[in-house]
Amino acid sequence: MSAALKLALKAQGMTSPNPLVGALLVKNGKVIGKGHHKRAGLSHAEIEAFEDARKKKNKIAGSTLYVTLEPCCHTGKRTPPCVGSIIQEKVSKVVISSLDPNPKVSGKGVSKLRKNGIEVVTGVLDEKSRKMNEAYIKYITTGLPFVVLKLAATLDGKIAAASGDSKWIGSETQRRHAHILRSRADAVMAGIDTVLTDNPSLNVRLPGNHKDPVPVILDTKLRTPLSSNLMRIHDDPVIATARPVDKAKREKLKSLGANIITVKKDKNGRIDMKELLHRLGELQFTSVLIEGGSSVAGQALKSGIVDKITFFYAPMIVGSGGLSMIGDLKIDKVRDSIEVQNVSVKKIGSEFMVQGYIGKK
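Residues numbered from 1 in each chain as written. Predicted model: local features only at pLDDT ≥ 70, side-chain atom pairs only at ≥ 80, totals over all residues. Heavy atoms only, no water.

## Things to note about the environment of Arg223
Relative to the helices and strands, Arg223 resides in the loop between strand E9 (214–218) and helix H9 (229–233). Since its relative accessible area comes to 39%, Arg223 is described here as partly exposed. Along the backbone, Arg223 and Leu196 are 27 residues apart, and their C-alpha atoms lie at a distance of 8.3 Å. Setting aside residues no more than four positions away along its own chain, Arg223 makes contact with Ile192, Asp193 and Leu196. (Helix = DSSP H or I, 4+ residues; strand = E, 2+ residues; numbered from the N terminus. Buried < 20%, exposed > 50% of the residue type's maximum accessible area, 1.4 Å probe, protein only. Contact = heavy atoms within 4.5 Å.)

Here you go:
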């Protein structure tokens, strides 16, 4: 199962809105076929494993299938159900890591396999499988994207010096890790101030083939420059704005491919993050990486939309004049602070990456 999980991870960032899935066929103690789901619309991992076994002229009947997610038992928009193929191939045993939380599957695949005389074992490395597909699980059960807040700061929690200078907090190694996070997200969110100040590209700059996330810009007054990098590089950036909408600006941005969505304002006159998250879910974004500055970070945390944090800390100190990594959360008492759970710390060169999950109250 560990090998199947590694296979699944080969397609990180490529399968949305589908999950990551890996599969191995084993017979007489030997792997006779392997596969993973490479992209939405392509063959599922089980089918890939069957095809691999046939190419190697291995007989599938009587084998054991190890698969990281419960095989589907419904016909999708582009792919047939895998359970039928497993039965047809006369697989004798199926070992599954996690059950599929999709209501169309959710135990039904296991039930059908057992009814057809196939031995089924579930829950093998379940925790690892669920963590790998945490974005898919949230999206398929709630209709909302999984949200990661990424920030890079000094050891004393500053993202810029007193002058506003932020180049460079963090090394090239840290920035490469940040691009890896970006490559795994469906969308990357930033505020209009970041666009106007830094003119970011918000694309993935890594060797090899990677999918760029769709930029989502918080822009209540449609100030996004037509000549900005994100408008130049991306075919379909999403710009979230609020009423009243400048129709002329809207049409100019739309003519360049922008998807303008109108969202209500929160009590502070900013984009309502909760409504925006629902709208992004409707667009089939399963994951969002927030890369905004201090204000956007604070707004996202205060609204409760953040599921996970990834903070990078560089070995430098700026002092009280620097810009804090997170804006005012209006928290007066320590007992009201936002709790971060399951925290992990990883050393990256001379820097540290801290990850954790936001506790939901």
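## Thoughts on the environment of Ala187
Inspection of the secondary structure assignment puts Ala187 in strand E8 (residues 187–191). For Ala187, a relative accessible area of 0% corresponds to the buried category. The contacts of Ala187, once residues within four sequence positions are left out, are Pro213, Val214, Val216, Phe285, Ser287, Val288 and Leu289.

## Re the side chain of Thr68
Position of Thr68 relative to the elements: it lies in strand E3 (residues 64–69). Taking the relative accessible area as the measure of exposure, Thr68 reaches 0% and is therefore buried. Polar contacts involving the side chain of Thr68 include one to the main-chain amide nitrogen of Gly22, which spans 3.0 Å. Among all residues touching Thr68, those that are not within four sequence positions of it are Met1, Ala4, Leu5, Ala8, Leu20, Val21, Gly22, Ser97, Ser98, Ser129 and Met132. (Polar contact = N/O pair within 3.5 Å; in protein donor to acceptor, adjacent residues only side chain to side chain.)

## Some thoughts on the pattern of salt bridges
The final tally for this structure, using the stated rule, is 15 salt bridges. Between Lys56 and Asp52 there is a salt bridge; the shortest N-O distance is 3.1 Å. According to the relative accessible area criterion, Lys56 is partly exposed, its value standing at 45%. Exposure remark for Asp52: the relative accessible area of 17% places this residue in the buried category. One salt bridge connects Lys308 with Glu134, and the closest N-O pair in it is separated by 3.1 Å. Of this pair, Lys308 sits in strand E13 (residues 308–314) while Glu134 is found in helix H6 (residues 134–142), placing the two residues 174 residues apart along the sequence. Through salt bridges that share partners, Lys150, Arg182 and Glu291 make up one connected network. (Salt bridge = Lys/Arg side-chain N within 4 Å of Asp/Glu carboxyl O.)

## So, the pairing of E9
Burial analysis of E9 places 5 of its 5 residues in the buried class, which makes it a mostly covered element. Going residue by residue along E9, you find Val214, Val216 and Leu218 tucked away on one face and Pro215 and Ile217 tucked away on the opposite face as well. Looking at chain direction, E8 and E9 are connected through 5 bridges and run parallel. In the sheet register, Ala187 faces E9, and the bridge partner there is Val214. Once the chain exits E8 it traverses helix H8 (residues 192–198) before rejoining the sheet at E9, and the crossover so formed is right-handed. Of the pairings in the sheet, the one linking E9 to strand E10 (residues 238–241) comprises 3 bridges and is parallel in character. Following the sheet pairing, Val216 is matched in E10 by Val238. (Pairing = 2+ DSSP bridges. Right-handed = clockwise from strand over helix to strand, strands pointing away.)

## Examining a nonpolar patch on the surface
Taken together, the side chains of Leu155, Ile317, Val340, Val343, Val345 and Phe352 present a nonpolar region at the surface, about 550 Å² in accessible area. Residue contributions to the nonpolar patch peak at 3 residues, all from strand E15 (residues 340–348). Position of Val340 relative to the elements: it lies in strand E15. (Patch = residues over 30% accessible without salt bridge, like charges linked within 9 Å, V, L, I, M, F, W, Y side chains within 5 Å. Areas by Shrake-Rupley, 256 points an atom, 1.4 Å probe, with all protein chains shown as cover.)

## Remarks on the sheet that holds E10
One key point about sheets: their strands pair by backbone hydrogen bonds, in either a parallel or an antiparallel sense. Strand order in this open sheet of 9 strands is E11-E10-E9-E8-E12-E6-E13-E16-E15, and the pairing throughout is mixed. Among the strands making up the open sheet, the edge pair consists of strand E11 (259–262) and E15. Going across the sheet, the axis of each strand differs from the next one's by a mean of 20 degrees, ignoring polarity. Contacts from H6 reach strand E6 (146–154), strand E12 (287–290), E13 and strand E16 (351–358), with the element oriented near 135 degrees to E6. (Axes fitted to C-alpha atoms, helices over the stretch in contact; angles between N-to-C directions.)

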